[in-house]
Amino acid sequence: MCFGVAKAQTVSGTVSDSNGPLPGASVVIKGTSNGTQTDFDGNYTLNNVTDGSVMVFSYIGYATQEVSYTGQTTLDVTLQEDAQALDEVVIIGYGQTTVKDATGSVASVTSEDFNGGVIASPEQLIQGKTAGVNIAQNSGEPGAGISVNIRGANSVRANNNPLFVVDGVPLFGQNTDATGTSGRDNDATSATGNPLNFLNPNDIESISILKDASATAIYGSRGANGVVIITTKTGKAGSGGVFEFSSNLSISSHNRQFELLKPNQFLDAITASGGNAANVDFGGGTDWQEVIFRTTTSTTQNLAYSQNYGSGNIRATLGYQKQFGVIEKSDFERISGRVNWNQRFLDDKLKLGIQGTLSRTNRSQPPLQGNAGFAGDILGAAYSANPTIPNNPNIDPGGGLLNPRNYLDGAQNITNTNRALINASLEYEFTPELSAKVNLGYDKSDSENVSVLSSNIINIDGVSNVGAGTFNTLERENQLLEATVNYRKEFENSNLDVLVGYAYQDFRNFGFNSAARGFNTTDLNGMGGALTSTVNAAQNAISGSFQQFYYAPNRDDLTVNRLFPNAETTNQDINFARGVQALVFDNFDNTDELQSFFGRINYTLSNKYIFTATMRADGSSRFGPENQYGYFPSGAFAWQIGEEDFIGDGFSTLKLRLSGGITGNQDGLGFGQFVARQRYSQINLGTIQNGVTIDNENGLAIIATDQPDLRWEETTDFNIGIDFGFNNDRLSGSIDFYRRDTQDILLQTPPAAPSTNPFQFGNVDASVINQGVEFALNYDFIQSEDTTFGASFNIAYNENEINDFAGSINLGPVNGPGLTGAFAQRFEAGVPLFSYYMAIFDGFDGDGNPTYVDIDGNGVGDPDADKTFVDEDGLPDITTGLNLNFSHKNWDVNVFLAGQFGFSVYNNTANALFNAGQLNTSRNITVDALNAGENPSASTAVSTRFLESGDFVRLQNASIGYNVPLSGDGTLKSLRLSVTGQNLFLITDYSGIDPEVTVNTGQLNQAALPSRGIDWTSFPNPRTITFGLNATF
Amino acid sequence: MKRRQVKFYVMTLLSVVGLSSCTDLEIEESDSFIDEGFQGLENTASAVNQMYSGVSRLGDQANIYALREVTSDALLIPTRGADWGDNGRWRKLHQHEWGLEEQDIITPFDNWNASQLAASQILDERSGATPGEAADAYFIRAYSMWSILDLFGQVPIRDTQLPTTAIPEVFTGAAAVDLIIADLDAAILGLPAVAAGNTDAMNRGTQAAARFLKAKVLLNRHIYDAQLTGGGGTPAAADMAEVISLVDAIAAEGYALEADYFNIFRNTSDTETIWWTESGVGNRIWNGLHYNLTTPEQAGGWNGFSTLAEYFDMFEGDPNSNLEGSGQEERRGFVPTEGVAAGAEGTVDDDNDGIADGSNIGFGFLLGQQYGPDGTALEDRQGGPLSFSREFVDGDGAPNLINNSEVTGIRVIKYNPRFGGFTNHSIQFRYADALLMKAEAELRSGTGNATATINELRTVRGVAPIGDLDEAELLEERGKELFVEGWRRNDMIRFGQYLRQWEFKGDTETANDTRLLFPIPLPQLLANPNLQQNPGY
């Protein structure tokens, strides 16, 4: 009777992964609703299992396993992490999708593909990994900013960096570090810190890059430069918790040096150029490059604990990194802590997520200054210092020049930044179709910079014999409130996914700048202490609110400028200890707001046709009532051609993507530029060269005039892409064509005189067009059990052009002796951004004087009158990366090469320092400059003589790792050892240290356009070897 | 039922979110006063400070100073090896080959128009300035408008009552002069009378300063009248008479010539100073001194600004030496062969070497070997003798503005570092100029005794009286008395000498009357259709 009827049994067992039991994994009998979840210890019990039925074990992030049941009472299963499955998920704005379903141009890089070695900030993790994303580390200074350009540069004055979103919180785009000038120069341009320094790269799970408007328009006014979404790691596996520990030791050195004249060569050259060698011989012999450069050892330690307990998971990490730069006095330290906690309540209908980071970064910077004049900054001084000067801080080189030892010893610039980024989200599933989410974010950074130059420093006006310092603070506070409602419905042949949302974010910036002259001590910490304590004491001595205060020996009182309740200047007795002789102080505090409404509809038909439409309305307090709201729509369509019957099995993937949309930009536009504002003008000690007096009474000034028409910069973007894959995607790739047109460019232009300020922000009639192609290809050459070998290659071509601009603006200041006011680039219609504009060098004449091509046809080639566009620019046309991965058993090898082509670098260093004329001023030059055949009294002007191709290929990263085989029974669950090299070699014809460079050489005029590709003694990128250890237990 | 419940949840959620956060996106007055347009100033006293602070830019060596002096025969900055190439800015000014985008032309147009607007904003009735503050504003507005008129021939005026987007009206020639004169008359009425010698109070407008400027404007009125229409013109007798009476009114307040010429250029009291600005004199001192001419306060000069030998040769004395006591006239100054002992009046000895700091650095025109405090002959940076030459030559010995060595050219120094290398006391108006203006008005109108007036000055300066003054002699006297004080271009134009050839002026630029005015900056032509480019550009 019962013959042939299978017998139902009860099965129990444990589901685990390589780390141990896996709570919350699902166990289901295939084709039935009979199923359960594993408990806290990874155990399950399932009744009514019949012989021959198939048990399905699954867990997010793991390959699903199917087991045919053969009547046993105990069945243990170990799930394997599924890299493929993880790869497929792509985080997009306010949600996620899969590569398969994405309609926009979105790239995602997950932690296993990240770059290794010494990584100070998250962008470096994905440098070169993605086509069309140019991540340039412009300086080898630890903790310095990085420029990220997605599909070229769209904007001019405004920021070209993308919007960064960390766990759903859009960050403010500007730097968070207070910067100091030491009083040497008012607009000294030391590299600003990277705003992402606070994130421990080790905490990052994946980075998504949204490239086209269909993906970024959901971020509306902040999407024009692309969006980078950073998702941090959560606790995903292991009951009882897993500890992960990693430790790195890195050794960095500078790999290229200039070949400068040795002391005897230098003295011979002085004699040969008509000088009196005996009079410039200081009797010593110093290799100044060796004095300021060093080989350093840096360390990173991370400890993470993660636990998944079924109804939620938690991950907590502690990180410590101390990185030393290859120039003396440059270092970066980060102490960070992070907690990610996700909890499900009410039958998993309510989800709570809390992510928090607390970090402290400490940065020390050597005296570098991108706008340094004839004496150079510490690098310029070291490259040009007379090599016969002994390495002694007390020697005056004469002629107003710097002694590098003296300058290095007398300068200190330290920035300490605390930052907290916390967000909490609550998501409730009302029905399987409808859910809503509220996300609250709070981001606060608090930064302090103390920067001093001692009175011992020789030959700096206003500093020598006086001492100077600045103490600046910068606090930024950003609050986010976001609410989204999501409706998903599956129909018979289609899917609908609708998202609507509201977001409010405010951005407050406050802090102060103070500067002092006249110190009683030359101890650098003592100077900093005297400055900060005097600033604090003076602040406490003033009652009521104020904007500014100042005092100096030539004034009896402390003068206080107050704005509220009434603008007035008051004087009061100085009843606090004056640690510095003269002090000026200025407060600032302002808040901008952004309010947004947004929505997205995704509709998928027959799993082949995918439609996406998004819309965002952004309201910003940076614009007046007329233009307060900007509207940013986008639409996209994707067609899974590979799923169509008429495509054979040749393609495993074939997908066409079309998209278009409008995004905006308001970055670079300061607070309140559309109204008239009055405030006390800046008081500068720095303009008064002897530094300890304040003579001019400053007063209330109009700092902004009303500009009711100010509006958004808008980028219209079109993208066509094809994704393809063959042989089960063993060979896969994609190709994208795009065109982006940015209109209503925000620039500072001169208003009609008379005007309060010579420049003010406005939208000019000009557009910047970027168009290009991106191509990415992956191939797995070997896929065997023991051995894998794969390669991925990407290449992007971008073309950039300015259109419709009636006028021209010079940019790209070139600095150095005799180069005041000199520039190398010009903004004009018909050429790319950062196009070089200069005289064309035509060789030396018989006397060794430079000659130039005659452009204006007056018969004389003149470096000033005969300037022209030379058909070169500072933006690479082609960026490319090649990644090779090889593994065999427990060994793995990864090699990553990056290249950039089609751009030029202006070698400001050579223009300023390496020419025969510098011998006249008893400064050292390179052997090449000595042999160039130049007359030592020849003048040097900006010309193509110093313009060089920047094309390069770099072995960016190479690593070898070994996973130590373990029994699995001990405390230690896994152990990995690795060696990583960064910047191992560089192939380039560029004669400077490194062509991947952009030094902020200051402002040529108040239009203050940024420039690219100018190398004025940039901080070299070091070569680094890192030994790493990763363990879990 | 269920659907209704869902709807309820959603509505609740959205309304909570909405109530707590919907914002009007208005910015707050947290660190500045905010208005929808100019509505008057918050504090006029403070704005007057700010206005005068702006005027202190007169200490700059570039911009308006460069336009006034480097475009004349008085100053030039050769390119010394790599030094001072500076994108050709200095060379082009001296050669009269400036183009349409020189920063030294654009910046003064912006700056002095900004000062003019700052004054207008103080004068806007909504600001509620006191009569005294208004008088200061009239004075500075007149000075600003006059500076723009003198250099550019066109003065844009913004009515502060109109919206910021309104296009400013442009005044030229006689109409512009009328505006300036009206402001000066209001200034003379409202400004305080400050007696000669009360120098500390002369960093702001005074009646004497306003009278001085009015005399200057009237003396040049015939030039301004025809500036855009071909030039020429003759001075009106009534204007000349008024110049004379204005100078007499200044003298009546006790202003008089000072016996010790270089004493005028200190921050101490004297009878000549009429108006000084709180501008550091450092640029004037260090822009020409060599890197190895140092004081404990300053790591050395910048080795740029120099003068032509032909300018130096106007003075009485040995053309090949200006050493102390070589028979030159007082105004040519001298090169000391060593410093003076510490303790000399007005000096300091910060390095305690027993020698007054900076006292080895000479006055006036520095030619030939220069000496250190202890009398050692100084060297240049190559180790050669630091000896300034009369001529500008390149490495091949040929006259040249570029490829010069460190020591070519005579250096000019009127403020001396021994009295402070960066003292904030820069003389703008002084009585000797007023007296010379009077002589010129007498000469041009044929009234009074111009020769006697100029001999009054020559006597005090220790040079022989002139027999019968002519125009050329008057210009030369102005050149010798007022060198590097910012008047040379204005004088040369008025005396018809600005278009003559001088050393290194561009070959084709002689007699090019385009150069009488500077070009209107190109972005301004785009921004304000009422402006027209000046003739020839």
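What counts, and at which threshold
Residue positions are counted from 1 within each chain, in the order its sequence is given. In the order they appear in the text, chains get letters beginning with A and ligands get numbers beginning with 1. pLDDT decides what is reported in this predicted model: residues at 70 or higher carry local features, side-chain atom pairs at 80 or more are listed and counted, and totals for whole chains, interfaces and linings draw on all residues regardless. In computing side-chain properties, one takes all heavy atoms of the structure into account and sets aside hydrogens as well as water. Burial here depends on accessible area, computed with a 1.4 Å probe over protein chains only, as a share of the maximum for the residue type. Under 20% is buried, over 50% is exposed, and the range in between is partly exposed. For the purposes of this entry, the term helix denotes a DSSP run of H or I that reaches at least four residues, the term strand denotes a run of E that reaches at least two, and both are numbered from the N terminus. Should DSSP find at least two bridges between two strands, the strands are regarded as paired. What counts as a domain boundary in this text is fixed by an automatic or database domain assignment. Whether two residues are in contact is decided by their heavy atoms, any of which lying within 4.5 Å being enough. Summed over both partners, the accessible area (1.4 Å probe) lost when two parts come together is defined as the buried area. Criterion for a salt bridge: a side-chain nitrogen of Lys or Arg within 4 Å of a carboxyl oxygen of Asp or Glu. Between N or O atoms, a polar contact is any pair within 3.5 Å; within protein, one atom must be a potential hydrogen donor and the other a potential acceptor, and residues adjacent in sequence are included only when both atoms are from side chains. Only Asp, Glu, Lys and Arg are considered charged in this grouping, and only Ala, Val, Leu, Ile, Met, Phe, Trp, Tyr, Cys and Pro are considered nonpolar; every other residue, Gly among them, is considered polar. Lines fitted to C-alpha atoms define the axes here, with helix axes fitted over just the stretch in contact, and angles between the N-to-C directions of these axes take values from 0 to 180 degrees. Convention used here: angles under 35 degrees read as roughly parallel, angles over 145 as roughly antiparallel, angles from 65 to 115 as roughly perpendicular, and any remaining angle as oblique. Helix crossings are classified by the rotation of the near helix relative to the far one: an anticlockwise turn of less than a right angle makes the crossing left-handed, while a clockwise turn makes it right-handed. Definitions used throughout: a 1 Å grid over protein atoms alone; a cavity as a set of points that fits a 1.4 Å probe which cannot get out; a pocket as an open set with protein on both sides within 12 Å along at least five of seven lines; a lining residue as one with an atom within 4 Å of a point. Grid points are joined across faces, edges and corners, and a volume is the space filled by probe spheres set on the points. The patches described consist of residues with a relative accessible area above 30% and no salt bridge, like charges being joined within 9 Å and nonpolar side chains (Val, Leu, Ile, Met, Phe, Trp, Tyr) within 5 Å. For accessible areas, the Shrake-Rupley method is used with a probe of radius 1.4 Å. Any residue's cover is judged against the shown protein chains and nothing else. In this tally Asp and Glu are treated as negative and Lys and Arg as positive; neither His nor the chain ends contributes. Lysine's charge is taken at NZ, arginine's at CZ, aspartate's at CG and glutamate's at CD. As used in this record, nonpolar core signifies buried Ala, Val, Leu, Ile, Met, Phe, Trp, Tyr and Cys residues forming a set joined through side-chain atoms within 4.5 Å. One less than the residue count of a helix, multiplied by 1.5 Å, gives the span that helix is expected to have. What pLDDT conveys is the predictor's confidence in a given residue, as a value from 0 to 100.

### Looking at the pairing of strand β44 (residues 835-838) of chain A
Residues in a regular strand point their side chains to alternate faces of the sheet.
Residues and elements named next belong to chain A.
1) Next: Burial along β44 is two-sided: the face carrying S835 and Y837 and the face carrying Y836 and M838 are both buried.
2) Next: As judged from the two bridges shared by strand β43 (residues 822-828) and β44, these two strands associate in the antiparallel manner. Among the inter-strand pairings, Q825 is bridged to a residue of β44, identified as Y836.
3) Next: Linking β43 back to β44 in an antiparallel pair, the connection comprises six residues, with G830 at a positive phi of about 95 degrees.

### Looking at the domain arrangement of chain B
All names here are of chain B.
1) Next: Under the domain assignment used here, chain B contains domain 1 (40-191 + 499-537) and domain 2 (282-421).
2) Next: Between the C-alpha centres of domain 1 and domain 2 the distance comes to 32 Å.
3) Next: Each partner contributes to the interface: domain 1 provides 25 residues, whereas domain 2 provides 28 residues.
4) Next: Summed over both sides, the interface between domain 1 and domain 2 buries roughly 2200 Å², with carbon and sulfur atoms accounting for 56% of that surface.
5) Next: In this structure, the connection of domain 1 to domain 2 is made through two salt bridges.
6) Next: At the surface where domain 1 touches domain 2, the tally comes to 18 residue pairs in polar contact (both at pLDDT 80 or more).
7) Next: Those elements that provide at least two residues to the side of domain 1 that touches domain 2 are α3 (63-70) and α4 (89-95).
8) Next: Element by element, the count of residues in the side of domain 1 that touches domain 2 is highest for α4, at four residues.
9) Next: Looking at the side of domain 1 that touches domain 2 residue by residue, the classes come out as twelve nonpolar, six polar and seven charged.

### Side note on the environment of F345(A)
1) Next: Turning to its location among the elements, F345(A) is positioned in strand β21 (residues 331-345).
2) Next: Residues F345(A) and S311(A) lie 34 residues apart in sequence; the distance between their C-alpha atoms is 7.4 Å.

### Regarding the interface of chain A and chain B
1) Next: Taken residue by residue, the interface counts 102 residues in chain A and 86 residues in chain B.
2) Next: The junction of chain A with chain B conceals about 7500 Å² of combined surface from both sides, 52% of it contributed by carbon and sulfur atoms.
3) Next: The closest approach of N and O atoms between R679(A) and D31(B), which form a salt bridge, is 3.7 Å.
4) Next: Where chain A touches chain B, the interface holds 36 residue pairs in polar contact (both at pLDDT 80 or more).

### Structural notes on the packing of helix α9 (residues 237-252) of chain B against helix α12 (residues 431-445) of chain B
Residue and element names in this part refer to chain B.
1) Next: Where α9 contacts α12, the two axes come as close as 9 Å, and the packing angle between them is 150 degrees. Taken as axis vectors, α9 and α12 run roughly antiparallel relative to one another. Both α9 and α12 take part in a crossing whose hand is left-handed. Listed contacts from α12 to M240, V243, I244, V247, D248, I250 and A251 of α9 are Y431, A434, L435, M437, K438, A441, E442, R444 and S445.

### What about empty space enclosed by the protein?
The gaps of empty space that remain are located by a probe, the size of a water molecule, rolled over the atoms.
All names here are of chain A.
1) Next: Under the defined criterion, the tally for this structure stands at 17 cavities of 30 Å³ or more.
2) Next: What the largest cavity holds in volume is close to 380 Å³.
3) Next: Considering the residues around the largest cavity, the lining is formed by 29 residues, among which V118, Q124, Q137, Q982 and N1021 are closest to the centre.
4) Next: Contributing elements (two or more residues each) for the lining of the largest cavity: β20 (312-324), β52 (952-963) and β53 (974-988).
5) Next: Per-element tally for the lining of the largest cavity: the top contributor is β52, with three residues.
6) Next: When the residues that make up the lining of the largest cavity are grouped by side-chain class, the tally is eight nonpolar, 18 polar and three charged.

### Structural notes on the pattern of salt bridges
1) Next: Using the criterion set out here, one finds 73 salt bridges over all chains in the structure.
2) Next: In this structure, R315(A) engages E244(A) in a salt bridge whose closest nitrogen and oxygen atoms are separated by 3.6 Å. You can see R315(A) sitting in strand β20 and its partner E244(A) sitting in strand β18 (residues 242-253), a full 71 residues away along the chain.
3) Next: D491(B) is paired through a salt bridge with R494(B); the nearest N and O atoms lie 3.1 Å apart. A residue pair is termed a helical-turn pair when its members lie 3 or 4 positions apart in one helix, as D491(B) and R494(B) do in helix α15 (residues 488-494) at three residues.
4) Next: By relative accessible area, which is 2% here, D491(B) ends up buried.
5) Next: Three or more residues are tied together by salt bridges with common partners; here these are E272(B), E316(B), E329(B), R331(B), K414(B), R430(B), R458(B), R461(B), E477(B), E481(B) and E485(B).

### A few points about the pairing of strand β28 (residues 558-562) of chain A
Residue and element names in this part refer to chain A.
1) Next: Taking burial as the measure, the five residues of β28 include five buried ones, the bulk of the element.
2) Next: Where strand β27 (residues 548-551) and β28 come together, three bridges link them in antiparallel fashion. Within β28, the position partnered with F549 by the bridge is V560.
3) Next: As consecutive antiparallel partners, β27 and β28 are separated by six residues.
4) Next: Taken together, the five bridges between β28 and strand β29 (residues 568-572) define a ladder with antiparallel strand orientation. Its bridge partner lying in β29, L558 is registered against Q572.
5) Next: Count of turn residues in the β28/β29 antiparallel hairpin: five residues.

### Observations concerning a negative patch on the surface
1) Next: Taken together, the side chains of D24(B), E26(B), E28(B), E29(B), E36(B) and E42(B) make up a negatively charged region of the molecular surface.
2) Next: Relative to the elements of secondary structure, D24(B) occurs in the loop between α1 (2-21) and β1 (33-35).

### Here we look at unusual backbone geometry
Residue and element names in this part refer to chain A.
1) Next: For the peptide bond that leads from F564 to P565, omega is 0 degrees, which places it in the cis range.
2) Next: The residue P565 is located in the loop between β28 and β29 in this model.
3) Next: A753 connects to P754 through a cis peptide bond whose omega is -5 degrees.
4) Next: By secondary structure assignment, the location of P754 is in the loop between β38 (745-749) and β39 (760-764).
5) Next: For N728, which is not glycine, the phi torsion reads 55 degrees and is therefore positive.
6) Next: The exposed category is assigned to N728, whose relative accessible area is 72%.
7) Next: Despite not being glycine, D744 shows a phi value in the positive range, around 55 degrees.
8) Next: Take D744: it is sitting in the loop between β37 (731-743) and β38.

### Quick notes on helix α14 (residues 471-481) of chain B
Residues and elements named next belong to chain B.
1) Next: Listed in full, the buried residues belonging to α14 are L474, L475, E477, R478, G479, K480 and E481.
2) Next: If you follow the buried residues of α14, they end up packed against α8 (207-225), α11 (309-312), β10 (424-430), α12, α13 (450-461) and α15.
3) Next: One side-chain oxygen at the N-terminal end of α14 lies 3.3 Å from the backbone nitrogen of A472; it belongs to D470.

### Points about the nonpolar core
1) Next: Among the nonpolar cores identified, the biggest contains 143 residues, and F139(B), L213(B), I274(B), W275(B), F429(B) and Y431(B) are the most heavily contacted of them.
2) Next: For this core, the element with the highest residue contribution is helix α6 (residues 131-152) of chain B, accounting for twelve residues.
3) Next: Each of two domains, domain 1 (40-191 + 499-537) and domain 2 (282-421) of chain B, supplies a minimum of three residues to this core.
4) Next: Each residue touching I274(B), except ones within four places of it in the same chain, is listed here: M202(B), T206(B), A208(B), A209(B), F212(B), I250(B), Y255(B), F429(B), R430(B) and Y431(B).
5) Next: With 65 residues, the next largest nonpolar core counts A824(A), Y990(A), V997(A) and W1016(A) among its residues.

### Describing the sheet that holds strand β6 (residues 363-366) of chain B
All names here are of chain B.
1) Next: Taken in spatial order, the three strands line up as β5-β6-β9 in an open sheet, and their pairing is antiparallel. Of all the strands in the sheet, the pair left with one neighbour each is β5 (333-334) and β9 (411-413).
2) Next: The pairing of β6 with β9 spans three bridges and is antiparallel. The residue of β9 that forms the bridge with G364 is I413.

### So, the environment of I641(A)
All names here are of chain A.
1) Next: Within the secondary structure, I641 is located in the loop between β32 (629-639) and β33 (651-665).
2) Next: Relative accessible area serves as the criterion here: at 14%, I641 is assigned to the buried category.
3) Next: Sequence separation between I641 and Y609 is 32 residues, and the spatial gap between their C-alpha atoms is 8.8 Å.
4) Next: Contact partners of I641, with chain neighbours within four places excluded, come to F646, I647, L654, K655 and L656.

### Examining α12(B)
Residues and elements named next belong to chain B.
1) Next: Between its first and last C-alpha, α12 extends 21 Å over 15 residues, near the 21 Å set by a 1.5 Å rise per residue.
2) Next: Among the 15 residues of α12, twelve are classified as buried, and the element is accordingly described as predominantly covered.
3) Next: Within α12, burial applies to Y431, A432, D433, A434, L435, L436, M437, K438, A439, E440, A441 and E442.
4) Next: Following α12 by one or two positions, G446 has its phi on the positive side, about 65 degrees.

### With respect to the confidence of the model for chain A
All names here are of chain A.
1) Next: Here chain A averages 88 in pLDDT, while 96% of its residues score no lower than 70.
2) Next: Per-element confidence in chain A is highest for strand β51 (residues 947-949), whose mean pLDDT is 97, and lowest for helix α1 (residues 83-88), whose mean pLDDT is 52.
3) Next: Throughout residues 1-5 the model reports pLDDT below 50, and contacts reaching past four residues in sequence, or to other chains, amount to zero contacts.

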